[in-house]
Every structure is written in C-alpha cells, then in structure tokens.
Amino acid sequence: MPRIRKKTSKRTTTHQREKIKHKVTAHRKKVKKQAKKDKVAGKVQKKSKKDPGIPNAFPYKDEILAEIEQKRREAATEKQRRKTEKRATKAAAKNAGETQSQVSGQAGEEETIEKEENDGRGFDGVTSIKKQPIPAPLLPKNKIATKSEAKAVDASVCPGPSTLREVLDKADILMCVVDARDPEAGISEALLAVAKEKGKAVVILVNKADTVPRESLVEWLSYLRKTYTAIPFRVSSAFVLAASSYDHPANKAKAVRPSDDAIGTKLVWACLGRFAKEKKRNELVVAFTGITNSGKSAIINSLLGASVLPVYDPLSSQAAKLPYTTTVAQEVVTSIPGNAGSKVRFIDTPGLEFNREEFSDSSERQASRARDILLRCRGRIERLKDPMFAVTHILSRAEMQDLMLAYNLPAFPKGDTTAFLAGIARVNGLVKPARVLDHAGAARIVLRDWNSGNLVRYTTPPIASGGEAPPSAMDGDEDVLEGLRTRKELRKEVKLVRLASGKVDSRGVLLDEAWGIEDEGSEDGGDSNADGDDDVDEESVSGESDVEDEEEAPELLPPPPSPPAAKRKRTVSFAGLAGKRRRG
C-alpha cells in the first residue's frame, strides 16, 4: 500500500547506521594511508592558514577596509595600463616587422647582384642575420671519471708488490693514513720502526679532517708534528658516500659530485715536490699504508682527480659482487703538477694485518675485538650477534654528558651499559612484551649511528708533560682549517661526543704475508682478525649479505646411538565393533 503522508521520523535501522559508520571508517583509513604515501614521496604541502581578518571590536576597522579597497582599485588600474602598453608595443613591433621584410627583400636582390659581380670570389661581409638556436652551456667536468674517462688522466695503473715487506723495500716515502677522529689508534708502532730501520721518510696523513672540530684537528697536528710530518686531508666529494646506507631510498638521489674539491692536495703535492728535489731522482715511490677503510684508495683518486682505483660503495648495485676493501696492492704512475719531468709512483696497499695476541682473560680479548671492529667499521657492524661488548667499549671511552645530550637521556651512572641502553630503549620505544626493554635493539641503534657517522666523535691528544713550544704550522694549513666548523657549531647541528684517545698499536705487523691468496675466499678483505677469535664477528659485519648473519656455530656432537627397537605391543580397539553392533 503506498505511503500516504510524509515520513516525519528520522530514525533509521541499526543496519543502516552501522553501514554508514563502516563507510566513514573506511574512508578515513583510506585518506590516512594516502597521506602516508604522499609524505614518503615528498608531495605533502603545508596548508596555508586562513587569514582571520580584522576583528569587529577593532576601532579603526572601517578605515583599514577602505584603505585596502583603495589599494585594490589602484592595482587593477595599474594592471589595465600595463596591458594596454603591451598591446601597443606588439602592434608597433608588427608594423616594424612588415617594413623590415620589405627592406630585406630589396637587400636580397642587391646581394644577388653583388654575388654575381664577385664572380666566385669570397665575400667578407655579413650576408644575412638569421635566428640561431642558442647552444646549451657546457656542463662542468666535475663528475666521477668512468673507465673510459680515466684513460684521459695522465696516470697508468699496474699490479703492485705481493707483500708489505716488498712495498717497504721499494718505497721512498711511507704515507701512513690515519683517521682524524682518533689518529693515534691508526698508527702502527712496529711498521714505523721497520720503516725507520730502512731509512724511509714517514708522513702522517690525517684523513677525514672535516669530521672533527677545528680545535681537535689543530691540537692533533701540533702533537703529531713533534715527531713526524703531519698533513691534514679530506678526499673529494665524488669518493665520499653521498648518502648513508641507512637513509630512506627517497634521499639517495644520484647527484653529480665534484672529483676535484679535495682539501689538502696542495700540501701533499708540495711535500712530494720537496722530497723529489732531495732524492734527485726522476721517479718518487710513495706507499700508502693504514688500517682497513682509512681512505687510502680515495686519497689517491683525489690526488689524481679521477676514479682510477676502485672505492667500495655499499649503495651500488655491484657492492655484493665486489670486495668491500682493497685486497691486492696496485701502483699508479703520474707526474707531479707543475713539474712534468718528475714522476711519482703511488702504491695502494690493503689494510694492515697484525699478529695474533694472547690474552690473560676474556675481558681483555673482548676489549681488543671491540676496538678493532669499531676502528675499521667494515660493513654493518650493528648486525653483530652480540652487540653489547662493542657498546660497552664505546661507553668506557665516551663522555657521559655528551651521550646524554646526544640521545636526550636522563642521568645514568658512569660506565653503566645497562642503564645507558635502557634509556635509549625508552626514548625509541623499544619495549618487548611484559614491558621488557630491548637492550640489544638499543645497542644496535648506537652501533648504527657510529658506523653511519650520525654519532660524530672526536678525541684530543695526550697532555704533554713538558712545556715544549708547539711546532710551527705548515704553509697551507689555513686553507684547510678555514672551512672546518668549531666544536660549538658542531654541537648545535649533530650528535657530538668526545672520546678518550686511543693508544698506538703495539702489535706486530705481518710483513711477509702475501696479499690476495688466502683472502680471496674469505670475507675479511685484507684484515685478519688480530685478536685471535676463530668464530669471528667479521662475517656479520661484512655487509655483503642482506640477511642477518651470525657467528659460526661450534661443531655439533655426533647423535647418541638409538635404543634397540622394542617389540610393538598389539592393542585392540573396540570402537569399530561398537559401531557395527549399532548398525546391526
């Protein structure tokens, strides 16, 4: 029966109300998901706040509104005037174009007559002026040189010696590359002693000078120059990782980075020029030594201004197929800038390998392992199976107040690793079920910051006992120090932590160990595990695998002998009989 009167009640069925609620929830969820996608893609635009206008209680509201309206009318009048002038200019240009075409037609006839009169002889004047496309400006040649571009560089690459002893016998200068964040920890006492016995000149090259405060670098240069020739250096931008391997893929855009903006190249070439004059030889041999990942290959590329030697980049697609450090020695021959007659031969060597140490207890062994792993920073060290001992080593050397400021932590007892990791876990929300804090996850955050450079650290040299005058600065130090930031400026921008300086490595160096033979099948890539740990953690920090690696497991014991087979007891089931009886 048709409805006679209009429905007066707005009540609906429960099904209809729940249906509307479901649609609203689904729509909100869809909008929220799309907003997250836009934020990741960088499409989020900040909404401009609406002008609230002039309050009605403001006493001069009418006068202000009248003034705004007057400005609006004046702007409209000015716009109309400009439009009229533009139209008049176009019309005048059009008339001038028609006149010019008539003149050019007459000039073309005269040009044809003159061409015939020249009778084949060249014409020295301008015959016509036409619109030509403007050529695109040449791009600066500051990108990384490829294999084909490297041939244009005045340098030749060839295999080098097979052992460190052969390198020392062949070299005239030993260029010891150290990290500016902890220079003394990268110096090998045994290697410098051998070089001194052989009468080799030693130069300490303080690499990564831009990662420390200016005051720290000045103090270390003054300290090192009391004994050696020390030069600050920073490799070209083309050979430094532009983005960390932990950054979001949207931040890893490939940008053209210059290969000729290294800092300290003038000081290095000036030093080599002085040695070449003293040696009075046509070719100077310079060997670059140092621990793994100190930047030896990148320094040679920066001095040449091209990518001649391979530098490991974990972000590249070929990173898993290539070794992540130099495995064999290579030689590069080039000429000293400004003196084409003097040649220099650079020898790039793998990382130093040390003799195994014997420890009295496990704590010393763990400390040595942590020192080597944190110093080399090979691969993703946060993938260690047990990251606690490495964080304990960091905490024993770091200033407590700097760590509190860096990670926004409350005060904790000095040297208490558990309290430190508990604070980081609370700040980052790393809580397991039953409100258990994830200390291992917090330790991996610290190691990730250490490896990626987010945790900026620096050290200061030991305090001198005597009142010796500091050595004089070298010519060109001002150019290097000018672009560095002070400690106060760095503390405002990054997580800056001061560490206790490391000690000079007193372990023996493997001089007669051949490179590239035993290391080809291993993942250590040129650095043996010096602390004598057979179940090495280096596998887990190699960075060549995308899955989380673990330490080698000990050999499984043989399975126990199985007991003799016993006779099977016969069991009788009455379930089937009961069913048959029912059916019967």
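Preceding this section is the structure that the text describes.
Parameters at a glance
- Residues numbered from 1 in each chain as written.
- Predicted model: local features only at pLDDT ≥ 70, side-chain atom pairs only at ≥ 80, totals over all residues.
- Heavy atoms only, no water.
- Helix = DSSP H or I, 4+ residues; strand = E, 2+ residues; numbered from the N terminus.
- Buried < 20%, exposed > 50% of the residue type's maximum accessible area, 1.4 Å probe, protein only.
- Salt bridge = Lys/Arg side-chain N within 4 Å of Asp/Glu carboxyl O.
- Right-handed = clockwise from strand over helix to strand, strands pointing away.
- Pairing = 2+ DSSP bridges.
- Contact = heavy atoms within 4.5 Å.

Caption draft 1: Region of interest: the side chain of D402. Within the secondary structure, D402 is located in helix α11 (residues 400–407). When its relative accessible area of 10% is taken as the criterion, D402 is described as buried.

Caption draft 2: Summary view of the pattern of salt bridges. In total, this model carries 22 salt bridges according to the counting rule given. Here D512 ties to R165 by a salt bridge, and the two come within 2.6 Å at their closest N and O atoms. One end of the pair, D512, is in the loop between β11 (495–499) and α16 (575–583); the other, R165, is in helix α4 (residues 164–170), and 347 residues separate them in sequence. Taking relative accessible area as the criterion, R165 reaches 32% and is therefore assigned partly exposed. K208 is paired through a salt bridge with D179; the nearest N and O atoms lie 3.7 Å apart.

Caption draft 3: Molecular detail of the pairing of strand β2 (residues 173–179). Counting buried residues along β2, 7 of its 7 residues qualify, which places the element largely inside the surrounding structure. Burial along β2 is two-sided: I173, M175, V177 and D179 and L174, C176 and V178, pointing in opposite directions, are all buried. In this fold, β2 hands off to helix α5 (residues 189–197), which returns the chain to strand β3 (residues 201–207); that crossover is right-handed. Bridging between β2 and strand β5 (residues 283–289) involves 4 bridges; their strand directions are parallel. Across the sheet, residue I173 finds its bridge partner in β5, namely V286.

Caption draft 4: Expanded view of the side chain of S188. Residue placement: S188 occurs in the loop between β2 and α5. Once you skip the residues sitting within four places of it in the chain, S188 turns out to touch L352, F354, D505, R507 and V509.

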